[in-house]
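# Architecture and fold: a report
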Amino acid sequence: MTTGAEQGTQPSLAGFSGDTTVSPPRGYDHRLRQDVAVLDTWLSDYISRPRPQLRRKGAVCPFMPAALQADALRAGFHYEITGKDPDELHDLLEDELTRFMRTPADDPLDSLVVVLPDLTEDGYGALDDAHARLKDTAVRGGVMIGQFHPACDERSVRNDGFRVSRSPLPLLAIRHMASHDILFLHELPHWFDAYRERFGDQFAEGRIREPLMLGLFAAAERRHIRRKES
(Lines give C-alpha, C1' and ligand atoms only; values in the text may rest on other atoms or scores of the structure.)
Protein backbone atom coordinates (compact mmCIF):
# COMPACT_ATOMS: atom_id res chain seq x y z
CA MET A 1 0.00 0.00 0.00
CA THR A 2 1.46 3.33 -1.02
CA THR A 3 0.41 6.16 1.24
CA GLY A 4 1.66 9.23 -0.60
CA ALA A 5 3.98 10.59 -3.22
CA GLU A 6 6.72 11.09 -0.66
CA GLN A 7 6.84 7.39 0.19
CA GLY A 8 8.78 4.57 -1.41
CA THR A 9 7.26 1.13 -1.91
CA GLN A 10 9.35 -1.79 -0.74
CA PRO A 11 8.90 -5.48 -1.50
CA SER A 12 6.79 -7.42 0.99
CA LEU A 13 8.86 -8.29 4.05
CA ALA A 14 8.67 -10.74 6.94
CA GLY A 15 5.45 -12.34 5.83
CA PHE A 16 3.42 -9.14 5.37
CA SER A 17 1.05 -9.08 2.43
CA GLY A 18 0.94 -6.30 -0.10
CA ASP A 19 3.52 -3.55 0.13
CA THR A 20 5.54 -2.40 3.09
CA THR A 21 5.99 1.35 2.76
CA VAL A 22 8.67 3.62 4.13
CA SER A 23 8.77 7.39 4.45
CA PRO A 24 11.08 9.12 3.61
CA PRO A 25 11.71 6.74 0.70
CA ARG A 26 15.52 6.82 0.73
CA GLY A 27 18.26 6.28 3.25
CA TYR A 28 16.49 3.83 5.55
CA ASP A 29 17.00 0.42 3.90
CA HIS A 30 19.19 -0.98 6.69
CA ARG A 31 17.03 0.34 9.50
CA LEU A 32 13.90 -0.85 7.74
CA ARG A 33 15.19 -4.42 7.61
CA GLN A 34 16.00 -4.28 11.33
CA ASP A 35 12.72 -2.69 12.29
CA VAL A 36 10.65 -5.12 10.22
CA ALA A 37 12.41 -7.98 12.01
CA VAL A 38 11.61 -6.45 15.40
CA LEU A 39 7.99 -5.90 14.41
CA ASP A 40 7.61 -9.39 13.02
CA THR A 41 9.03 -10.97 16.18
CA TRP A 42 6.67 -8.93 18.38
CA LEU A 43 3.65 -9.83 16.26
CA SER A 44 4.53 -13.52 16.18
CA ASP A 45 5.87 -14.04 19.71
CA TYR A 46 3.70 -11.65 21.72
CA ILE A 47 0.57 -10.34 19.99
CA SER A 48 -0.33 -13.69 18.41
CA ARG A 49 0.29 -15.83 21.49
CA PRO A 50 -1.56 -16.40 24.75
CA ARG A 51 -0.30 -14.82 27.97
CA PRO A 52 -1.24 -16.00 31.46
CA GLN A 53 -1.66 -12.37 32.55
CA LEU A 54 -4.68 -12.07 30.23
CA ARG A 55 -6.68 -14.47 32.44
CA ARG A 56 -8.38 -15.89 29.36
CA LYS A 57 -7.62 -18.28 26.54
CA GLY A 58 -6.33 -17.13 23.18
CA ALA A 59 -3.86 -14.65 21.78
CA VAL A 60 -3.19 -11.18 23.15
CA CYS A 61 -5.02 -9.93 20.05
CA PRO A 62 -7.53 -12.59 18.93
CA PHE A 63 -7.65 -10.92 15.52
CA MET A 64 -3.93 -11.15 14.72
CA PRO A 65 -3.18 -14.88 14.21
CA ALA A 66 -5.83 -15.14 11.50
CA ALA A 67 -4.70 -11.87 9.91
CA LEU A 68 -1.09 -13.06 9.75
CA GLN A 69 -2.09 -16.45 8.42
CA ALA A 70 -4.16 -14.79 5.70
CA ASP A 71 -1.35 -12.36 4.83
CA ALA A 72 -3.84 -9.58 5.50
CA LEU A 73 -1.53 -7.31 7.52
CA ARG A 74 0.29 -4.39 5.95
CA ALA A 75 2.89 -2.10 7.49
CA GLY A 76 3.88 1.50 6.92
CA PHE A 77 7.10 2.81 8.49
CA HIS A 78 7.38 6.55 9.05
CA TYR A 79 10.85 7.74 10.01
CA GLU A 80 11.76 11.24 11.25
CA ILE A 81 8.48 11.53 13.19
CA THR A 82 9.58 12.20 16.76
CA GLY A 83 6.31 13.37 18.30
CA LYS A 84 7.82 16.75 19.12
CA ASP A 85 5.12 18.27 16.91
CA PRO A 86 1.86 16.64 18.10
CA ASP A 87 -0.13 18.11 15.22
CA GLU A 88 2.23 16.57 12.68
CA LEU A 89 1.79 13.17 14.33
CA HIS A 90 -1.99 13.53 14.56
CA ASP A 91 -2.30 14.60 10.92
CA LEU A 92 -0.18 11.66 9.75
CA LEU A 93 -2.25 9.13 11.69
CA GLU A 94 -5.49 10.77 10.62
CA ASP A 95 -4.42 10.49 6.98
CA GLU A 96 -3.57 6.81 7.42
CA LEU A 97 -6.87 6.13 9.17
CA THR A 98 -8.92 7.97 6.56
CA ARG A 99 -7.19 6.12 3.74
CA PHE A 100 -7.79 2.78 5.45
CA MET A 101 -11.49 3.51 5.92
CA ARG A 102 -11.88 4.63 2.30
CA THR A 103 -10.21 1.52 0.88
CA PRO A 104 -12.73 -1.23 0.08
CA ALA A 105 -12.14 -4.21 2.36
CA ASP A 106 -11.46 -7.30 0.27
CA ASP A 107 -11.09 -9.27 3.51
CA PRO A 108 -12.43 -8.37 6.99
CA LEU A 109 -8.97 -9.32 8.25
CA ASP A 110 -7.32 -6.50 6.28
CA SER A 111 -5.30 -4.46 8.76
CA LEU A 112 -2.47 -1.96 8.99
CA VAL A 113 0.24 -1.02 11.44
CA VAL A 114 1.62 2.51 11.21
CA VAL A 115 5.10 2.22 12.72
CA LEU A 116 6.95 5.23 14.14
CA PRO A 117 10.52 4.09 14.87
CA ASP A 118 11.84 7.60 15.65
CA LEU A 119 9.13 8.53 18.13
CA THR A 120 10.88 9.59 21.35
CA GLU A 121 9.84 8.89 24.92
CA ASP A 122 8.52 12.43 25.06
CA GLY A 123 6.44 11.63 21.98
CA TYR A 124 4.64 8.64 23.50
CA GLY A 125 2.11 10.96 25.10
CA ALA A 126 1.44 12.57 21.72
CA LEU A 127 0.68 9.10 20.32
CA ASP A 128 -1.71 8.41 23.22
CA ASP A 129 -3.42 11.75 22.62
CA ALA A 130 -3.71 11.20 18.86
CA HIS A 131 -5.29 7.80 19.48
CA ALA A 132 -7.83 9.33 21.85
CA ARG A 133 -8.68 12.10 19.38
CA LEU A 134 -9.13 9.70 16.46
CA LYS A 135 -11.05 6.90 18.17
CA ASP A 136 -14.52 8.39 17.67
CA THR A 137 -13.90 8.77 13.94
CA ALA A 138 -12.57 5.23 13.69
CA VAL A 139 -15.45 3.60 15.59
CA ARG A 140 -18.04 5.56 13.64
CA GLY A 141 -16.48 4.13 10.47
CA GLY A 142 -16.46 0.55 11.75
CA VAL A 143 -12.74 0.54 12.46
CA MET A 144 -10.72 -0.09 15.61
CA ILE A 145 -7.42 1.58 16.41
CA GLY A 146 -4.94 0.88 19.16
CA GLN A 147 -1.73 2.59 20.19
CA PHE A 148 1.32 0.58 21.30
CA HIS A 149 4.67 1.76 22.61
CA PRO A 150 7.26 0.80 25.23
CA ALA A 151 5.55 2.78 28.03
CA CYS A 152 1.89 2.32 27.06
CA ASP A 153 -0.40 2.23 30.10
CA GLU A 154 -3.39 0.51 28.45
CA ARG A 155 -4.59 -2.37 30.67
CA SER A 156 -5.98 -5.82 29.97
CA VAL A 157 -9.78 -6.13 30.20
CA ARG A 158 -9.59 -8.96 32.75
CA ASN A 159 -6.42 -7.93 34.58
CA ASP A 160 -5.98 -4.26 35.39
CA GLY A 161 -2.43 -4.93 36.51
CA PHE A 162 -1.30 -6.09 33.07
CA ARG A 163 -0.16 -3.35 30.67
CA VAL A 164 -1.10 -5.23 27.54
CA SER A 165 -0.17 -2.68 24.86
CA ARG A 166 3.58 -2.53 25.33
CA SER A 167 5.66 -2.86 22.16
CA PRO A 168 9.33 -2.36 21.24
CA LEU A 169 8.39 0.03 18.41
CA PRO A 170 5.79 2.80 18.76
CA LEU A 171 2.88 2.20 16.41
CA LEU A 172 -0.81 2.61 15.72
CA ALA A 173 -2.71 -0.54 14.70
CA ILE A 174 -5.77 -0.18 12.48
CA ARG A 175 -8.25 -2.98 11.73
CA HIS A 176 -11.91 -3.58 11.02
CA MET A 177 -14.30 -3.88 13.94
CA ALA A 178 -15.00 -7.44 15.13
CA SER A 179 -17.61 -9.01 17.38
CA HIS A 180 -15.25 -9.24 20.37
CA ASP A 181 -14.89 -5.44 20.37
CA ILE A 182 -17.84 -5.15 22.75
CA LEU A 183 -15.02 -5.49 25.30
CA PHE A 184 -13.87 -2.01 24.30
CA LEU A 185 -17.03 -0.32 23.03
CA HIS A 186 -19.63 -0.77 25.76
CA GLU A 187 -18.81 2.31 27.82
CA LEU A 188 -19.92 5.26 25.67
CA PRO A 189 -23.30 5.44 23.91
CA HIS A 190 -21.98 6.47 20.49
CA TRP A 191 -19.38 3.70 20.54
CA PHE A 192 -22.02 1.15 21.52
CA ASP A 193 -24.42 2.41 18.85
CA ALA A 194 -21.77 1.83 16.17
CA TYR A 195 -21.04 -1.63 17.54
CA ARG A 196 -24.70 -2.65 17.97
CA GLU A 197 -25.52 -1.56 14.43
CA ARG A 198 -22.96 -4.05 13.10
CA PHE A 199 -23.19 -6.94 15.58
CA GLY A 200 -26.51 -6.64 17.41
CA ASP A 201 -28.06 -9.36 15.24
CA GLN A 202 -25.41 -11.85 16.35
CA PHE A 203 -26.50 -11.39 19.97
CA ALA A 204 -30.21 -11.52 19.11
CA GLU A 205 -29.73 -14.76 17.16
CA GLY A 206 -27.67 -16.42 19.89
CA ARG A 207 -24.50 -16.68 17.81
CA ILE A 208 -22.41 -15.06 20.54
CA ARG A 209 -22.25 -17.12 23.72
CA GLU A 210 -19.18 -15.88 25.60
CA PRO A 211 -20.51 -14.85 29.04
CA LEU A 212 -18.47 -11.68 29.43
CA MET A 213 -19.48 -10.41 25.99
CA LEU A 214 -23.14 -11.25 26.65
CA GLY A 215 -23.05 -9.45 29.98
CA LEU A 216 -21.38 -6.34 28.59
CA PHE A 217 -23.80 -6.15 25.66
CA ALA A 218 -26.88 -6.54 27.87
CA ALA A 219 -25.62 -3.97 30.37
CA ALA A 220 -24.81 -1.51 27.59
CA GLU A 221 -28.29 -1.92 26.10
CA ARG A 222 -29.86 -1.19 29.47
CA ARG A 223 -27.61 1.78 30.07
CA HIS A 224 -27.59 3.39 26.62
CA ILE A 225 -30.50 2.18 24.49
CA ARG A 226 -33.32 1.93 27.00
CA ARG A 227 -32.30 5.22 28.55
CA LYS A 228 -32.75 6.92 25.17
CA GLU A 229 -36.14 5.25 24.72
CA SER A 230 -37.46 6.23 28.18
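Here, every reference points to the structure presented above.
Let me sum up the structure you'll find in this document.

About the thresholds
Residues numbered from 1 in each chain as written. Predicted model: local features only at pLDDT ≥ 70, side-chain atom pairs only at ≥ 80, totals over all residues. Heavy atoms only, no water. Axes fitted to C-alpha atoms, helices over the stretch in contact; angles between N-to-C directions. Helix = DSSP H or I, 4+ residues; strand = E, 2+ residues; numbered from the N terminus. Left-handed = near helix turned anticlockwise from the far one by under 90°. Contact = heavy atoms within 4.5 Å. Nonpolar A, V, L, I, M, F, W, Y, C, P; charged D, E, K, R; others polar. Polar contact = N/O pair within 3.5 Å; in protein donor to acceptor, adjacent residues only side chain to side chain. Salt bridge = Lys/Arg side-chain N within 4 Å of Asp/Glu carboxyl O. Buried < 20%, exposed > 50% of the residue type's maximum accessible area, 1.4 Å probe, protein only. Expected span 1.5 Å × (residues − 1). Arc of directions from axis to C-beta.

Before going further, it helps to examine the packing of helix α3 (residues 86-102) against helix α4 (residues 124-140). Remark: α3 packs on α4, axes separated minimally by 10 Å, with the N-to-C direction vectors making an angle of 35°. Once α3 is placed against α4, the crossing between them reads as right-handed. Note on element contacts: α4 touches α3 through Ala 126, Leu 127, Ala 130, Arg 133, Leu 134, Thr 137 and Ala 138, opposite Pro 86, Asp 87, Leu 89, His 90, Leu 93, Glu 94, Leu 97 and Met 101. By residue class, the composition of the contact of α3 with α4 is 10 nonpolar, two polar and three charged.

We now examine the side chain of His 149. Assignment of secondary structure puts His 149 in the loop between β5 (143-148) and β6 (171-176). Side-chain polar atoms of His 149 contact the backbone nitrogen of Cys 152, separated by 3.0 Å. Discounting chain neighbours no more than four positions away, the residues touching His 149 are Tyr 124, Leu 127, Asp 128, Ser 165, Arg 166, Ser 167, Leu 169 and Pro 170.

What follows is about the pattern of salt bridges. What the rule picks out here adds up to nine salt bridges. Of the charged contacts, one joins Asp 153 and Arg 163 as a salt bridge, the two residues approaching to 2.8 Å between their closest N and O atoms. Here Asp 153 is found in the loop between β5 and β6, whereas its partner Arg 163 is found in the loop between β5 and β6, with 10 residues between them in sequence. Judged by relative accessible area, Arg 163 falls into the partly exposed class, the value being 34%. The structure contains a network of salt bridges with shared partners spanning Asp 153, Arg 155 and Arg 163.

Right, let's get into the environment of Lys 135. Relative to the helices and strands, Lys 135 resides in helix α4. Taking C-alpha positions, Lys 135 is 6.7 Å from Ile 145, a pair spaced 10 residues apart along the chain. Discounting chain neighbours no more than four positions away, the residues touching Lys 135 are Ile 145, Phe 184, Leu 185 and Trp 191.

Another aspect to go through is α3. The terminal C-alpha atoms of α3 lie 24 Å apart, and with 17 residues this matches the ideal 24 Å at 1.5 Å per residue to within 8%. Along α3, the residues that are buried comprise Leu 89, His 90, Leu 92, Leu 93, Glu 96, Leu 97 and Phe 100. One face of α3 carries all of its buried residues, which in axial projection span an arc of 165°. Buried residues along α3 sit in contact with β3 (73-78), β4 (111-115), α4, β5 and β6.

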